[in-house]
Amino acid sequence: MLATAPAPPARVVPGAWNASILVGTHHKTGTVVLAKVFRVAARIIGVPRHKGNRSACAALFAARAPGVCIEEHVSAASLRAWLTPRTPFIHAVRDPLEMCVSAYQYHLHATEPWVLAPLRDLGGKSLQQHYRALPAAEGVRFECRRARRRRPPPRPAAAARTPPPRRRRRPRRARSR
């Protein structure tokens, strides 16, 4: 692909929405709420909003046009691919312990099939059965260990220049120690 000079920004209007905004979230950090807020804001202001559509976001950023791109499960690689020095960026983060507690509580009561499926690593028990058999503090510790194992390894610098490929989401199997 040939590199081209970035397009000049559309006419800048003081106090107006003049750029593409990248909203980066992580699991359980407010993805749904931010997506809803920006869906409404984009509709009211009349700018496009894209969630999970890399080609539409790439076109929006290349044109330097007003709009919103929501990147779920943002990573350092995706930030290097999308952000330029003046790109507005909203990054949703949350205290890691709060995320573990929230995920643990969710898994205790969820009805999704993957939470209820027997897991070989848990001796044939489902994740929910495993959590229900543990004291709450141990369940939260177990969830924190699961979350740490789910982090992807860092990508080489050369590969970080392009947006990461879209991955198919599959539930992770829990492991016991």
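Up top is the structure.
Just so we're clear, the structure is a prediction, and the values are computed from it rather than from any experiment.

Asker: Before we go on, may I ask you to explain the sheet that holds strand S2 (residues 49-51) in this structure?
Answerer: Taken in spatial order, the 4 strands make up an open sheet running S2-S3-S1-S4, and their pairing is parallel. Pairing within the sheet leaves two strands with one partner each, and these edge strands are S2 and strand S4 (89-91). Taking the axes of each pair of neighbouring strands and ignoring which way they run, one obtains an average angle of 15° across the sheet. Against the sheet, helix H2 (residues 54-63) touches strand S1 (20-24), S2 and strand S3 (67-71), its axis set at about 140° to S3.

Asker: Looking at this model, I keep getting lost on the pattern of salt bridges. Mind explaining?
Answerer: Should their charged atoms come close, side chains of opposite charge can pair. Applying the stated criterion across every chain, the model contains 6 salt bridges. One salt bridge connects glutamate 138 with arginine 145, and the closest N-O pair in it is separated by 3.4 Å. Of the charged contacts, one joins glutamate 143 and arginine 146 as a salt bridge, the two residues approaching to 2.8 Å between their closest N and O atoms. With glutamate 143 and arginine 146 both in helix H7 (residues 136-150), this residue pair falls 3 residues apart, about one helical turn. For glutamate 143, a relative accessible area of 1% puts it in the buried group. Taken together, the salt bridges that share partners define one network made up of Glu138, Arg141 and Arg145.

Asker: Looking at this structure, I do not really get H2. What am I missing?
Answerer: One turn of an α-helix holds 3.6 residues; hence residues three or four places apart share an orientation. Buried residues of H2: Ala56, Cys57, Leu60 and Phe61, and no others. Relative to the axis of H2, the buried residues are bounded by an arc of 130° and lie together on one face. Close packing links the buried residues of H2 with S1, S2, S3 and helix H3 (76-82). Residue arginine 64 follows H2 closely and has a positive phi angle near 55°.

Asker: Would you mind showing me how to read unusual backbone geometry here?
Answerer: The phi angle of most residues is negative, glycine excepted, and most peptide bonds adopt the trans form. One non-glycine residue, arginine 64, lies in positive phi territory at about 55°. Looking at the secondary structure, you find arginine 64 in the loop between H2 and S3. Classification of arginine 64 by relative accessible area gives partly exposed; the value is 36%. The backbone phi angle of histidine 73 is positive, close to 60°, even though this residue is not glycine. Topologically, histidine 73 is positioned in the loop between S3 and H3.

Asker: Just to check I follow, could you spell out the side chain of glutamate 71 for this structure?
Answerer: Position of glutamate 71 among the secondary structure elements: in strand S3. Glutamate 71 gets classed as buried once you look at its relative accessible area, which sits at 9%. Setting aside chain neighbours within four positions, we find glutamate 71 in contact with Leu22, Val23, Gly24, Thr25, Arg54, Ser78 and Trp82.

Asker: Would you mind showing me how to read the pairing of S3 here?
Answerer: Walk down a regular strand and you will see the side chains alternate between the two sheet faces. Judged by how many residues are buried, S3 sits mostly within the fold: 5 of 5 residues are covered. Residues Gly67, Cys69 and Glu71 point to one face of S3 and Val68 and Ile70 to the other, with burial holding for every one of them. Bridging between S2 and S3 involves 3 bridges; their strand directions are parallel. Pairing of arginine 49 across the sheet is with valine 68, part of S3.

Asker: Before we go on, may I ask you to explain the nonpolar core in this structure?
Answerer: Within soluble globular proteins, side chains that are nonpolar tend to cluster in buried spots. Grouped together as the largest cluster of nonpolar side chains are 11 residues: Trp17, Ile21, Val23, Leu34, Ala35, Phe38, Ala42, Val47, Val68, Ile70 and Ala92. If you list the elements that add at least two residues to this core, you get S1, helix H1 (31-45) and S3. Ranked by the residues each element gives to this core, the list is headed by H1, at 4 residues. Once you skip the residues sitting within four places of it in the chain, leucine 34 turns out to touch Val23, Thr25, Ile70 and Ala92. Residues Cys100, Tyr104, Leu108 and Leu119 belong to the second largest nonpolar core, which totals 9 residues.

Cut-offs and rules
Residues numbered from 1 in each chain as written. Predicted model: local features only at pLDDT ≥ 70, side-chain atom pairs only at ≥ 80, totals over all residues. Heavy atoms only, no water. Pairing = 2+ DSSP bridges. Helix = DSSP H or I, 4+ residues; strand = E, 2+ residues; numbered from the N terminus. Axes fitted to C-alpha atoms, helices over the stretch in contact; angles between N-to-C directions. Contact = heavy atoms within 4.5 Å. Salt bridge = Lys/Arg side-chain N within 4 Å of Asp/Glu carboxyl O. Buried < 20%, exposed > 50% of the residue type's maximum accessible area, 1.4 Å probe, protein only. Arc of directions from axis to C-beta. Core = buried A, V, L, I, M, F, W, Y, C linked by side-chain atoms within 4.5 Å.

In short, the description is geometric, and any link to function would need to be established separately.
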